[in-house]
Amino acid sequence: MIGLKQVLNTKKCLINLEKEENKLVVHSVLDNLLKGASGQAVQNMNLMFGLDECAGLNLKATAF
């Protein structure tokens, strides 16, 4: 099984395929703080202020 800890602070998306009777179940997990709108906003702000494009995007979460 896949979990958030496997993709935390990465740009990876993990996909797991599972067969249940005659159905295929697809699970996917990604860290949307890097891939989502908030990460894009930080990246754009960095560019506007002349900072390194990835500044602040590689911080480690403390909750996990």
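From a predicted model like this one, the values you see are computed outputs, not experimental measurements.

Draft legend 1. Helix H2 (residues 37-48), seen in detail. End to end, H2 covers 16 Å across twelve residues, agreeing with the expected 16 Å (1.5 Å per residue, within 8%). At the exit of H2 stands Gly50, carrying a positive phi of roughly 70°.

Draft legend 2. Geometry of unusual backbone geometry. The backbone of Glu21 sits at a positive phi, close to 55°, despite the residue not being glycine. Relative to the assigned elements, Glu21 resides in the loop between strand E1 (13-20) and strand E2 (23-30). Residue class for Glu21 comes out exposed when judged on its relative accessible area of 74%.

Draft legend 3. Molecular detail of a nonpolar patch on the surface. Nonpolar side chains collect at one region of the surface, where Ile15, Leu17, Leu24 and Val26 lie side by side and expose about 440 Å² of accessible area between them. At the level of secondary structure, the elements contributing two or more residues to the nonpolar patch comprise E1 and E2. With respect to the element layout, Leu17 can be found in strand E1. Judged by its relative accessible area of 56%, Leu17 is exposed.

How each quantity is defined
Residues numbered from 1 in each chain as written. Predicted model: local features only at pLDDT ≥ 70, side-chain atom pairs only at ≥ 80, totals over all residues. Heavy atoms only, no water. Helix = DSSP H or I, 4+ residues; strand = E, 2+ residues; numbered from the N terminus. Expected span 1.5 Å × (residues − 1). Buried < 20%, exposed > 50% of the residue type's maximum accessible area, 1.4 Å probe, protein only. Patch = residues over 30% accessible without salt bridge, like charges linked within 9 Å, V, L, I, M, F, W, Y side chains within 5 Å. Areas by Shrake-Rupley, 256 points an atom, 1.4 Å probe, with all protein chains shown as cover. Salt bridge = Lys/Arg side-chain N within 4 Å of Asp/Glu carboxyl O.

That's the geometry; what it means functionally is another story.
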